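Summary of structural features
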Protein chains: 2
Amino acid sequence: MKNKQKQIQLRDVQDVIDVIGGRWRGAILASLCDKEKRFNELKRDLGIITPRTLTKELKYLEMNKLVSREVDTSGAVTISYSLTEHGKSLEPLIGQIVAWGQKHRKVVLG
Amino acid sequence: MKNKQKQIQLRDVQDVIDVIGGRWRGAILASLCDKEKRFNELKRDLGIITPRTLTKELKYLEMNKLVSREVDTSGAVTISYSLTEHGKSLEPLIGQIVAWGQKHRKVVLG
DNA sequence: ATTAGTAGTATCCTAAAAAATAGTGGTATT
DNA sequence: AATACCACTATTTTTTAGGATACTACTAAT
């Protein structure tokens, strides 16, 4: 019983790692917590990501209902990416991740 | 200024993903939240991990001061792995990850 | 003495992730 | 008209993670 419960938790952890893990997903989501962004804006934010990878990751996040893509055709076509409601529900978690990350750096480096 | 702050946060997110990400790290840490475990005990817990990978991941976690390895030579040599204090500070984060993971499954699957 | 368990190592291999690089078709700016 | 920015796509190459498999050295139990 207790063991079964444990299994379920491990699955949950792995699911979440799948969603925010990898080299870029967490950072993309964190960047979008700030505000909605356009493709090249995200690209600059993230530093060294290639457009191919960014495209791929954004598609994955869209499919997982965390990010939505909106096209504005009023002037020159611009496209903005933002967190969905579900994506926004990640914000507190990302906040805690950032906080723990800062602590972690101190422990490991200092 | 504001931009600089943002960069730091993205770096933090990436650091944490590095620590708990990958296929096994999060699961290993989650398993050790339960109680200290021995090598083969962890191996059974995790299911299909190879000993090579488990060794490698445990070494990484040791280097990052999250897990400590203790040798008991009183009888047959046994070795136990447990969370360090720093590792234990991850527990609330893992708890939130599990909670969000459960919510996420509902959103994505129905 | 044999078997089984503990705690790993050593080698090789494959699949997937991501980088490098180049190019596309559009708009806006000067 | 030329340049530059936007939002990508295509192709090739490199890197990395992790699996498969086999083996080691030790101890404890039967």
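Predicted model only: the values in this text are computed from it and were never measured. (Residues numbered from 1 in each chain as written. Chains lettered and ligands numbered in written order. Predicted model: local features only at pLDDT ≥ 70, side-chain atom pairs only at ≥ 80, totals over all residues. Heavy atoms only, no water.)

1. Remarks on the interface of chain A and chain B
Rules: Whether two residues touch is decided by their heavy atoms; if any such pair falls within 4.5 Å, the residues are in contact. In short, buried area is how much 1.4 Å probe accessible area vanishes from two parts on joining, totalled over both. The term salt bridge refers to a side-chain nitrogen of Lys or Arg lying within 4 Å of a carboxyl oxygen of Asp or Glu. Definition of a polar contact: a pair of N or O atoms within 3.5 Å, with one able to donate and the other able to accept a hydrogen when the atoms are protein atoms, and with sequence-neighbouring residues admitted only if both atoms are side-chain atoms. Helix and strand definitions follow DSSP, with helices as H or I runs of at least four residues and strands as E runs of at least two, each counted in order from the N terminus. Three classes are used: nonpolar for Ala, Val, Leu, Ile, Met, Phe, Trp, Tyr, Cys and Pro, charged for Asp, Glu, Lys and Arg, and polar for all others, with Gly counted as polar.
Listed by partner, the interface residues are 47 residues for chain A and 46 residues for chain B. Across the chain A/chain B interface, buried area totals approximately 4,100 Å², and carbon plus sulfur atoms make up 62% of it. It is A:His86, A:Trp100 and A:Arg105 that lose the most area in chain A upon contact with chain B, and together they represent 15% of the buried surface on that side. The interface formed by chain A and chain B includes four salt bridges. In this structure, B:Arg105 engages A:Asp15 in a salt bridge whose closest nitrogen and oxygen atoms are separated by 2.5 Å. At the surface where chain A touches chain B, the tally comes to 14 residue pairs in polar contact (both at pLDDT 80 or more). Among the secondary structure elements, those contributing two or more residues to the side of chain A that touches chain B are α1 (2-20), α2 (25-34), α3 (39-46) and α6 (91-109) of chain A. Here the side of chain A that touches chain B takes 15 residues from α1(A), the largest share from any one element. Broken down by class, the residue content of the side of chain A that touches chain B amounts to 21 nonpolar, 14 polar and 12 charged.

2. Some details on the protein's contact with DNA strand D
To be explicit about the condition: Residue proximity to a molecule or strand is established when one non-hydrogen atom of the residue lies within 4 Å of it.
Looking at DNA strand D, there are 21 residues lining it, with A:Arg52, A:Thr55, A:Arg69, A:Tyr81 and B:Arg23 nearest. The separation between a phosphate oxygen of DNA strand D and a polar main-chain atom of A:Asn40 is 3.2 Å. Take A:Ile79: an N or O atom from its main chain is 3.3 Å from a phosphate oxygen of DNA strand D. Of all the secondary-structure elements, those providing two or more residues to the surface near DNA strand D are α3, α4 (51-63) and β3 (78-83) of chain A together with α4 (51-63) of chain B. At four residues, the largest contribution of residues to the surface near DNA strand D is made by α4(A). Along the lines of polarity and charge, the residues of the surface near DNA strand D split into six nonpolar, seven polar and eight charged.

3. Some points on the pattern of salt bridges
In plain terms, the rule: A 1.4 Å probe rolled over the protein chains alone gives each residue an accessible area, and that area as a share of the maximum for its type sets the label: buried under 20%, exposed over 50%, partly exposed in between.
According to the stated counting rule, one finds 15 salt bridges over all chains in the structure shown. For B:Lys37, the salt bridge goes to B:Asp34, with nearest N and O atoms at 3.6 Å. For the salt bridge of B:Lys88 with B:Glu85, the shortest nitrogen-to-oxygen distance reads 3.5 Å. Remark: B:Glu85 and B:Lys88 occur in helix α5 (residues 85-88); sequence separation between them is three residues, near one turn of the helix. The partly exposed category is assigned to B:Lys88, whose relative accessible area is 41%. Through salt bridges with shared partners, a single ionic network connects A:Asp12, A:Asp15 and B:Arg105.

4. Topic: the sheet that holds strand β3 (residues 78-83) of chain B
Residues and elements named next belong to chain B. For clarity, the threshold we go by: Two strands qualify as a pair provided DSSP detects at least 2 bridges between them.
A sheet is described by the order of its strands in space; here three strands give the open sequence β1-β3-β2, paired in antiparallel fashion. Here the strands that pair on one side only, and so sit at the sheet edges, are β1 (37-38) and β2 (67-72). By the bridge criterion, six bridges tie β2 to β3 in an arrangement that is antiparallel. Across the sheet, Ser68 pairs through a bridge with Ser82, a residue of β3.

5. Looking at the relation of the copies chain A and chain B
To keep things clear, this is the line we draw: The fit set for superposing copies consists of C-alpha atoms from residues with pLDDT of at least 70 in both; the fit itself is least squares.
In screw terms, the move from chain A to chain B is a rotation of 178° and a rise of 0.1 Å along the axis, fitting with an RMSD of 0.4 Å. In symmetry terms, the pair is related by a two-fold rotation axis. Among all C-alpha atoms of chain A, that of A:Gly21 lies closest to the rotation axis, at 2.8 Å. Counting the interface residues of chain A, we find that 98% of their copies in chain B are interface residues as well, pointing to one common contact surface.

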